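# Secondary and tertiary structure notes
Next come the chains, spelled out residue by residue.
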Amino acid sequence: MAKRGHRPSTGVGNRPRIWGRHPVTAALANPDRTVRKLWMTREAAAALDVPPMIPVTFADVADLGRLVPSDAPHQGVVAEVDPLDDMWLADLLETGRDDQRPLVVLDQVTDPHNVGAILRSAAAFDALGIVTQDRNSPPESGTIARAASGALETVPWVRVVNLARALDEIAEAGFWRIGLTGHAPKTLAETMGTQRICIVLGAEGEGMRQNTEQHCDELARLPIGGKVESLNVSNAAAIALYAAATRG
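Read on for a plain summary of the structure. (Residues numbered from 1 in each chain as written. Predicted model: local features only at pLDDT ≥ 70, side-chain atom pairs only at ≥ 80, totals over all residues. Heavy atoms only, no water.)

According to the stated counting rule, one finds 14 salt bridges in the structure shown. With its nearest N and O atoms 3.1 Å apart, the salt bridge here joins Asp-217 to Arg-177. Of this pair, Asp-217 sits in the loop between α9 (210–214) and β10 (218–220) while Arg-177 sits in strand β8 (residues 176–180), placing them 40 residues apart in sequence. Overall, the relative accessible area of 30% leaves Asp-217 in the partly exposed class. The exposure class assigned to Arg-177 is buried, which follows from its relative accessible area of 9%. In this structure, the salt-bridge partner of Glu-218 is Lys-186, at a minimum N-O distance of 3.5 Å. Of the two residues, Glu-218 sits in strand β10 while Lys-186 sits in the loop between β8 and α8 (188–192), which places them 32 residues apart along the sequence. (Salt bridge = Lys/Arg side-chain N within 4 Å of Asp/Glu carboxyl O. Helix = DSSP H or I, 4+ residues; strand = E, 2+ residues; numbered from the N terminus. Buried < 20%, exposed > 50% of the residue type's maximum accessible area, 1.4 Å probe, protein only.)

Structure (structure tokens):
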């Protein structure tokens, strides 16, 4: 039986801080998330339902600004949280065994804004989850949480050591693995069919590595016009997930 793994114990300095009313509200509502501390303006506190066991420090806007990256839109609230527990890929695949939800695999996508935006699209189009390689993807952060607009708390995110091996496991679970790349002869619509699909996207600029392409069942392109060479990876993910959700 598959087991859930857990992150090793981390020090306080390794706890991510998230900011903004929507990401923090989502963190407070997530039973799997431990919120250690909150800093808030009194105005923001009046709009949040904070459990009494969470320590709260009231601060002004300028003080909150020193707790987060420069110009981060904290909206009067900052939270220090524990990272979410790791999840085994087998557990994620088991939860989607009886449905058609698509899976998203990211090959060395390192920009936290893009990962956050992809999580948001995954939530919007009811994806099963996302899979990344542990050492070539960003850690949980306030930047990801803000870009995900709450989806960091609701979309399962599996980190794996070996992406090729993970793609083999995904295929064994019955997914048709489609890698998005501009040089593919077929469009995404021509390759999806009616089977369960796994959408594989490569890094910003470089695209998928050759070994990752070799672990896809098919390669596909989005039918974009000639005025642009390619799309941002988060935009491509959103379009692909929409196509998967609306296929006939």
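This brings us to the pairing of strand β4 (residues 77–81). In terms of burial, β4 is largely enclosed, as five of its five residues are buried. Going residue by residue along β4, you find Val-77, Ala-79 and Val-81 tucked away on one face and Val-78 and Glu-80 tucked away on the opposite face as well. Two elements, strand β1 (residues 17–19) and β4, share three bridges in a ladder whose sense is antiparallel. Its bridge partner lying in β4, Trp-19 is registered against Val-78. Of the pairings in the sheet, the one linking strand β2 (residues 35–40) to β4 comprises five bridges and is antiparallel in character. Residue pairing in the sheet places Val-35 in a bridge with Val-81 of β4. (Pairing = 2+ DSSP bridges.)

Quick look at the packing of aromatic side chains now. All chains considered together, the criterion is met by one aromatic pair. Lying across the ring of Phe-58, Arg-42 places its NZ or CZ 4.1 Å from the centre. The ring of Trp-157 carries the charged tip of Arg-159 above its face, separated from the ring centre by 4.0 Å. (Phe/Tyr/Trp six-rings, centres within 6.5 Å; stacked < 30°, edge-to-face > 60°. Lys NZ or Arg CZ within 6 Å of the ring centre and 35° of its normal.)

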